[in-house]
Amino acid sequence: MAKQSRRSFIGKVTAVLAAVRAFGKEKRGQEPSEWTLWYKQPAKIWTDALPVGNGRLGAMVFGGIDEERLALNEDTLWSGFPHEWNNPHASEALPEIRKLVLEEKRYKDADRACLRMQGPYNESYQPLGNLRLKFAGLPAGVSEYRRELDLDSAVAKVRFTAAGVSYVREVFCSTPDQAVVVRLSASKPGRLNFTVRLDSLLHAKSEALGKSGLRLAGKAPAHVEPNYVDAPNPVTYDDAEGRGMRFECRLQVRHRGGKVEAADGGLRVSAASEVTILLAAATGYRGFDQMPDRSAEEIGAVCAERLRAAAKRSDTELVDHHSADHGSLFRRVGLDLGRTPDADLPTDERLKRFAAGEADQHLLATYFQYGRYLLIASSRPGSQPANLQGIWSDQIRPPWSSNWTANINVQMNYWLAETCNLRECHEPLFELIDGLSKTGRRTAEVNYKAHGWVTHHNVDLWRQSAPVGDFGKGDPTWANWQMSGPWLCAHLWEHYLFTKDEHFLRERAYPLMKGSAEFYLDWLIPNPQGGLTTCPSFSTENDFLSPDGQRCVTSAGCTMDIALVRELFSNCAAAAKLLGVDEPFQESLHNKLGLLPTYKVGTFGQLQEWSEDFAESTPGQRHMSHLYPLYPGGELTSRNKAEFWKAGRVSLERRLAAGGGYTGWSRAWVICLWARLLDGERAHESLCRLLEHSTGPNLFDTHPAGDGWIFQIDGNFGGAAGLTEMLMQSHEDVLRLLPALPKAWPKGNVRGLRARGGLEVSVAWAGGRPAEVTLRPELTRQQKVAIPPQISEVSVTESGRKIEAEVRDGIVELALRAGGVYVLRMT
C-alpha cells in the first residue's frame, strides 16, 4: 500500500472510530431521538397512523387535533373456534395425481384432481375497537403541530399550541404492565376538556364503570370468509358459547385537576391539567385446541386485575418500566450510514424526496431500525407471532385474513430475529410451530396416511394445518402447497446455530424437526430416474406452460421442494448426531438424501424452477421459490455448488427483467438474494426501490391488492434482514464482513449484530473496507473471520491485550473465550 494512500486510509479510520466512540451515547430522555418518524399533520387514514404495541396489544395512533383515535388490537382476537378441517378423501386422490404427473404428463388434469384434496378456508384476525378522545374548547387554528413516533423510546407523541397553550399527548404500549397508556397534558392549568369513548366494528356494547372507568364488551364472529372470497354472508355470528370468542376492553382515567364523570355511555373530562388513561384488554381464548368459551365475567376479571396492577404505578414508573423493557431490546443494535440535512425533515417529505432521487442513507438506516421496532412491538415471548400485519388491523375481513401465510410471509417476518439481535422475539414463532406439529400430525394421518406432521399455506389462531380452498375452489399452487413445515423447521435450526443452546435443540427443536422429517420420509416417492421426488409439487403461486401449451401448476420435484427436504434431512441428521440419538433414523435420512435429485441448469443458464425445463407462463412472478437454497437457505454459495449459485443469479436477473420482485416482500427477498450473490450495488438499488415503490408515509410496507395497495408487514422485516446481510454474513461457518457493501456507504459503523455461534459483531468501516471489528462471544470456541483482500495488516487484541493472529488464505482463526472482547484493527 502506498504511503500516501495508507495515510489517507488511516485518516478515514480515525474519523470513523471517533464516530464509533460517540455512537449510541446520546442522552436518554432527550427528545426526539435519532430514530424518530415525524409529521406536520395528523393521519387521515389508518395506514398513515403510527403503531405502538407490546406483542399482545397494539394501537394505531392518528394524532388528530379535535379528535384523537387509537385503533386497537389484541393478538388472540380472531373469528372462529377449533373445528375439523382435514379431508379424509384427500388420500384417495394422491395415486391418481401421481400417475397423471409422473406417467401420463397430464398436468392440467392433475391440477383438477388436486382440488379434491382441499379443506375449508381458515379464520380471520379481528379488530378490537377504537378509543376516541373528542376535545372541546380548542380554538380553530393551531400552530407548531408535530406528530411523531420515537423508535428508541417506543412512544408516539402529538404536540401543538393553541391560544398560547401547549398540548402534549403521549401513547405507549407497555409489556411489563400489559396496558396501553395515554398521557395528556397542557401547559396551563384546567385546559383539558374532552370525552372518552370506546367502540368496535364487532358486535359489542360500551358502558361506563363508575365515574372514571369505561368498558367495551362483545363477541367475535363464529366465521369470517377471507376477503378474496365472494360470499353472500361472509361474516356470521353465533350466540352459542365458544362459537366465536367474547372479548373485553376496559379503561380507567386518572387526572390532576378538574373532574371526570360518566356521560352518554362514555366519560367526560373537564378542566383537567393532566390526564392518564390506562387501557387493558382480554379475550375468551384458552388455547388453539380449546373452545374459546371463557365467560364475560371471567374475561372482565382479567381486565380489571390488569388495570389494578397498572394503576398502582405512577406515570413515571409506567414510563420507566416501559422504557427499560423496550430499550433492553432496541438499543442492542445501532447503525450509522451517514447523515444529510434531509434527516431533519418530516418523514413523509423525506420519503418523497428519496423517491425523487435525493440521497438519504439515514432514511435507509431508519427503515432498518423501524423493522426491528416493529418486531419488538408485535412479537414477544407469550404473545402470538407477528401475522401478515404484525398485530395491527382495522378490518373484519382484513387482506388475506391477516393470517400467518406460510409459503414465505410468516417466515420472512422472522428473518431478522437472530441477526438483528432480537432472538427473544423469535419465541412466538417456535410456539406456533409446536402447535402446528400437533394439529399437523392429525392432518398427516387423515389426509395423507403418513407419519409425522405436515402443514400447508395458511395458518390461523387455531393452528389450521390442512389445505384450504373451500373443498375445491382454491388454486392448488397455494392452497395445496404442503412444504411449510420444513421451512418453519429451518428457523428452529437457525436459532440453535446462532445460540448453540443444546437444551433448546434437545427439548424443543429436534423433536419438531424429527416429526417433520418423518412426514417427508413417507412423502417421497420413486421417480422414473431411480431416485426420489415429491408429487404433487408446486413452485409456490407460480405456473408453467405444459408441452401442449396449457398453464399448469402441478408437477413433481420442484426445486424448492427438493431444497427444503434436503435442508430438513441434513439439519435433522446433524442435530441427531450432535445429541447422540436416533442412529437408525440418521442412517435413513442419509440414505434418502443420496436419492434426491440434483439441481438443474436450464436453457437460459438459469437455475431451473421445476424438475422439467418448462416454459414460464408468468416470467415476472413475485415468488422466487427456486432461489430458496440461495436465501434464506445457505446451500448455494460462491464456494459451494458455485455452478448453481451462478445459475441463481441468472434466474434472478430474468425474473426482475420480466417485472418480478417489484414491490413489498418480493422486493425485500430480492435485497437478500443480491446480498448473498455478493452484489452490493444491486442490493442497495433494491433497498432503495423498496422505499420508493412499496413504503407508505409511516414507513409501513405496502403490497398490491386488486386496484390498490394494502399494508403487509413482511417487507419491513425482510428489508431489515436484507440490509443486515449486506453488512455481515455467517452462513458458511465463516464470519464475512461487509460482503455486499455498496459504494453509497463508503464509511459507517454498525453495532450489535449477531452471527452464528453466539457472537455479537460490531464493524466500523472507511474507504469501503473494515477498519475496526469488535467481537463479543457468548461461548468459548474457534471462530474464522474472512479478511477482505484489500486489507494488508490485521492486529487483534483481547480486552486490551494483544494476541497473535495469522492470516492464511484470507482467513484469520481466533480462539475466542466466552465473555471476552476482541478487537480486530485492519489497515
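Our structure is the block above this text.
Bear in mind that the values here come from a model prediction, so they are computed numbers and not experimental data. (Residues numbered from 1 in each chain as written. Predicted model: local features only at pLDDT ≥ 70, side-chain atom pairs only at ≥ 80, totals over all residues. Heavy atoms only, no water.)

Novice: Explain the sheet that holds strand 19 (residues 334-336) to me, using residue names and the numbers behind them.
Specialist: Taken in spatial order, the seven strands of this open sheet run 19-31-32-33-39-35-36, and their pairing is antiparallel. The open sheet is flanked by strand 19 and strand 36 (801-803), the only strands paired with a single partner. Taken pair by pair, the neighbouring strands of this sheet meet at an average axis angle of 25°, ignoring direction. Direction of pairing for strand 31 (residues 748-755) relative to strand 32 (residues 759-766): antiparallel, over a ladder of six bridges. Looking across to strand 32, one finds that Arg-754 is bridged to Glu-760. Against the sheet, helix 18 (residues 714-727) touches strand 19, strand 31 and strand 32, its axis set at about 105° to strand 31. (Pairing = 2+ DSSP bridges. Helix = DSSP H or I, 4+ residues; strand = E, 2+ residues; numbered from the N terminus. Axes fitted to C-alpha atoms, helices over the stretch in contact; angles between N-to-C directions. Contact = heavy atoms within 4.5 Å.)

Novice: How would you sum up helix 15 (residues 642-657)? Please name residues and give values.
Specialist: In a regular helix each residue adds 1.5 Å, so 16 residues correspond to 22 Å; helix 15 covers 23 Å between its end C-alpha atoms and thus fits that length. The set of residues buried in helix 15 consists of Phe-644, Trp-645, Ala-647, Gly-648, Ser-651, Leu-652, Arg-655 and Leu-656. Buried residues along helix 15 sit against strand 26 (615-616), helix 16 (664-676) and helix 17 (680-693). Just beyond helix 15, the residue with positive phi is Gly-659, at close to 100°. (Expected span 1.5 Å × (residues − 1). Buried < 20%, exposed > 50% of the residue type's maximum accessible area, 1.4 Å probe, protein only.)

Novice: Describe the layout of surface pockets, and please don't skip the residues or the numbers.
Specialist: In this model, the largest pocket occupies a volume close to 1000 Å³. If you go around the largest pocket, you meet 42 residues; those closest to its centre are Trp-493, Glu-494, Leu-497, His-731 and Arg-756. Top contributing element to the lining of the largest pocket by residue count: helix 11 (residues 484-499), with seven residues. Its residues assigned to classes, the lining of the largest pocket shows 16 nonpolar, 13 polar and 13 charged. (1 Å grid on protein atoms, 1.4 Å probe; cavity = no way out; pocket = protein on both sides within 12 Å on 5 of 7 lines; lining within 4 Å. Points joined across faces, edges and corners; volume = space filled by probe spheres on them. Nonpolar A, V, L, I, M, F, W, Y, C, P; charged D, E, K, R; others polar.)

Novice: So what's going on with the sheet that holds strand 24 (residues 544-545)? Residues and values would help.
Specialist: If you walk across this open sheet you meet the three strands as 25-24-26, and the pairing is antiparallel. Two strands lie at the open edges of the sheet, namely strand 25 (551-552) and strand 26, each paired on one side alone. Inspection of the sheet shows strand 24 paired to strand 25 by two bridges, in the antiparallel sense. Residue pairing across strands places Phe-544 opposite Cys-552, the latter belonging to strand 25.

Novice: How would you sum up the environment of Tyr-822? Please name residues and give values.
Specialist: Tracing the sequence through the fold places Tyr-822 in strand 39 (residues 822-826). On a C-alpha basis, the gap between Tyr-822 and Arg-801 in space is 9.2 Å, while along the polypeptide they are 21 residues apart. Not counting residues within four places of it along the chain, the set of residues in contact with Tyr-822 comprises Val-773, Thr-774, Leu-775, Pro-777, Thr-797, Glu-798, Ile-803, Ala-815, Leu-816 and Arg-817. Polar contacts involving the side chain of Tyr-822 include one to the side chain of Glu-798, which spans 3.2 Å. (Polar contact = N/O pair within 3.5 Å; in protein donor to acceptor, adjacent residues only side chain to side chain.)

Novice: Just give me the short version of the packing of aromatic side chains, but keep the residues and values in it.
Specialist: Counted under the stated rule, the structure contains 30 aromatic pairs. A centroid spacing of 5.6 Å and a plane angle of 70° characterise the contact between Tyr-448 and Phe-519, whose relative ring orientation is edge-to-face. With Tyr-448 in helix 9 (residues 427-448) and Phe-519 in helix 12 (residues 502-523), the pair connects residues that are 71 residues apart, well separated along the chain. Ring geometry for Phe-519 and Trp-523: centres 5.7 Å apart, planes at 20°, overall stacked. A residue pair is termed a helical-turn pair when its members lie 3 or 4 positions apart in one helix, as Phe-519 and Trp-523 do in helix 12 at four residues. Assigned by exposure class, Phe-519 and Trp-523 land together as buried. Feature note: the residues Trp-46, Tyr-370, Tyr-373, Trp-392, Phe-700 and Phe-711 constitute an aromatic cluster, connected by ring pairs. (Phe/Tyr/Trp six-rings, centres within 6.5 Å; stacked < 30°, edge-to-face > 60°.)

Novice: Which residues make up empty space enclosed by the protein, and what values go with them?
Specialist: The full count for this structure, using the stated rule, is four cavities of 30 Å³ or more. Space inside the largest cavity adds up to approximately 70 Å³. In terms of lining residues, the largest cavity is bounded by 13 residues, among which Gly-53, Ala-154, Cys-173, His-322 and His-326 are the most central. Looking at the lining of the largest cavity, the elements that each hand over two or more residues are strand 2 (50-53), helix 5 (315-330) and helix 7 (361-378).

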